[in-house]
Amino acid sequence: MFDRHCSACDRTQLIFPSQISSVTNTDHGILVSYTCWCGAEQTWLTGARGHADEAALVAA
Ligand SMILES: [Zn+2]
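Keep in mind the model is a prediction, meaning the values are calculated, not measured.

Colleague: Give a detailed account of the packing of aromatic side chains, specifying residues and quantitative values.
Modeller: Geometry of an aromatic ring pair is reported as the spacing of the ring centres plus the angle between the planes. A complete count under the given rule lists three aromatic pairs for this structure. Relative to W44, the ring of F2 has its centre 4.4 Å away and its plane inclined at 35 degrees; by these criteria the two rings are tilted. Note that F2 is positioned in strand 1 (residues 2-5) and W44 in strand 5 (residues 41-46), a separation of 42 residues in sequence. You can call W44 buried: its relative accessible area is 6%. Aromatic side chains F16 and W37 sit 6.0 Å apart centroid to centroid with 85 degrees between the ring planes, which places their arrangement in the edge-to-face category. Taken as a pair, F16 in the loop between strand 2 (12-15) and strand 3 (20-26) and W37 in the loop between strand 4 (29-35) and strand 5 lie far apart in primary sequence, 21 residues in all. Residue classification places F16 among the partly exposed residues on the basis of a relative accessible area of 32%. For W37, a relative accessible area of 53% puts it in the exposed group. Grouping aromatic residues by their ring pairs yields a cluster made of F2, Y34 and W44.

Printed below as a string of structure tokens:
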């Protein structure tokens, strides 16, 4: 799970693994696509290797 701010509903909400539609490794980091509680498709580019966020995704 992770907290993300949604650009559509302008709220910061907890996103669950079941809301994640894809996780893609890119040269810039890990691109996570997910659906917000409001139904909006959002993307999140997470940081460098070894970052806590990445560990959370692996656990998910
Ligand atoms: Zn939203």
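This is not the end of the story, as more comes after the structure.
Colleague: Now, about unusual backbone geometry: what can you tell me, with residues and values included?
Modeller: If a residue is not glycine, its phi is most likely negative; likewise, a peptide bond is most likely trans. Its identity as a non-glycine residue notwithstanding, D10 has a phi of 60 degrees, on the positive side. Topologically, D10 is positioned in the loop between strand 1 and strand 2.

Colleague: Can you explain the coordination of the zinc ion? Please cite residues and give values.
Modeller: Ideal values for angles at a metal depend on the geometry: 109.5 degrees with four tetrahedral donors, 90 or 180 degrees with six octahedral donors. Protein coordination at the zinc ion: the donors are C6 (SG), C9 (SG), C36 (SG) and C38 (SG), at 2.3 Å from the metal. Relative to the metal, the four donor atoms surrounding the zinc ion lie at angles of 103 to 116 degrees, and the coordination shape comes out tetrahedral. Mapping the donors of the zinc ion onto the primary sequence gives the spacing C-x2-C-x26-C-x1-C. Of this pair, C9 sits in the loop between strand 1 and strand 2 while C38 sits in the loop between strand 4 and strand 5, and the two are 29 residues apart along the sequence. Classification of C38 by relative accessible area gives partly exposed; the value is 42%.

Calculation criteria
- Residues numbered from 1 in each chain as written.
- Predicted model: local features only at pLDDT ≥ 70, side-chain atom pairs only at ≥ 80, totals over all residues.
- Heavy atoms only, no water.
- Phe/Tyr/Trp six-rings, centres within 6.5 Å; stacked < 30°, edge-to-face > 60°.
- Helix = DSSP H or I, 4+ residues; strand = E, 2+ residues; numbered from the N terminus.
- Buried < 20%, exposed > 50% of the residue type's maximum accessible area, 1.4 Å probe, protein only.
- Donors = N, O, S within 2.8 Å, 3.2 Å for Na, K, Ca; no water.
- Tetrahedral: all angles 85-135°; square planar, octahedral: opposite > 155°, others 65-115°.

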